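So you can see what is in the structure, the chains are spelled out below.
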Amino acid sequence: AKTELEKMGHEVIARTFPDNFKARRNIWIPFLRDELKPNENSILIGHSSGAVATMRYTEENRIKGSVLVGAHCTHLDDENEKQSGYFDGPWNWDAIKANQDFILQFASTDDPYIPVENSRHIHTNLSTIYFEFSDKGHFGGGDRTMETFPELIEELKKFI
């Protein structure tokens, strides 16, 4: 998506976050806030733990919108997720919705890591613009490669 968005003239910041395996909240949220500095004109695109961080960030911060890819809202009984800090308290769904103009969400029924019911739960609580596939797996995250994501670009074009 980065290359396609840049070709359209948009500034894209795609940095590897510190602590990218454990993806801890106490490291990622400050990095997002203090280093990347999204504002009310920013669109955050988050994949997996990045989508979780995006949701937590928008509980307290205003952005233009977000794209959640392979998002989840529970620790999935995974030890790393349990220790990440993202799931220590309830979600403030109302604040997440209120702090942005739109939320696009992409899920796949064949995701080997995220049960689709988890994705549907997010959709229900955030009233996301929801796209559910049956053949995208974890969208290039560990189970397969994914060079392009034309569906994301086409939907995002409607908001930029």
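Residues numbered from 1 in each chain as written. Predicted model: local features only at pLDDT ≥ 70, side-chain atom pairs only at ≥ 80, totals over all residues. Heavy atoms only, no water.

Remarks on the overall build of the protein chain
We apply this condition: Counting from the N terminus, the helices are the DSSP runs of H or I reaching at least four residues and the strands are the DSSP runs of E reaching at least two. We compute the radius of gyration from the C-alpha atoms alone; for a globule the expected value is 2.2 Å times N to the 0.38, where N is the number of residues. Pairs of residues are marked as contacts when any of their non-hydrogen atoms sit within 4.5 Å.
In terms of regular secondary structure, the protein chain is built from seven helices and four strands. Starting at the N terminus, the α and β elements of the protein chain follow one another as α-α-β-α-β-α-α-β-α-β-α. In terms of C-alpha radius of gyration, the protein chain reaches 15 Å, essentially the compact-globule figure of 15 Å for 160 residues. Projected onto the principal axes, the alpha-carbon positions of the protein chain cover approximately 40 × 35 × 30 Å. Contacts spanning at least 24 positions in sequence make up 64% of the contacts within the protein chain whose residues lie at least 6 apart.

A closer look at the nonpolar core
Under the convention used in this document: Definition of nonpolar core: a set of buried residues of the types Ala, Val, Leu, Ile, Met, Phe, Trp, Tyr and Cys, connected through side-chain atoms within 4.5 Å. Exposure is judged per residue with a 1.4 Å probe applied to protein chains only, and the accessible area is read against the type maximum: over 50% gives exposed, under 20% gives buried, and values in between give partly exposed.
Membership of the largest hydrophobic core comes to 25 residues, with the highest contact counts inside it found for Met55, Leu68, Trp91, Trp93, Ile122 and Leu126. For this core, the secondary-structure elements that each account for two or more residues are α2 (25-36), α3 (49-57), α5 (93-98) and α6 (116-126). The residues touching Leu68, leaving out its near neighbours within four places in the chain, are Gly46, Ala51, Thr54, Met55, Ile103, Leu104, Gln105, Phe106, Ile122 and Leu126. Judged by nonpolar contacts, the second largest core, of 12 residues, contains Leu5, Leu104, Phe106 and Phe139.

Considering α3
Of all nine residues in α3, nine are buried; the element is thus mostly enclosed. Of all the positions in α3, only Ser49, Gly50, Ala51, Val52, Ala53, Thr54, Met55, Arg56 and Tyr57 are classed as buried. Where the residues of α3 are buried, they touch α2, β1 (43-47), β2 (65-69), α4 (79-83), α5 and α6.

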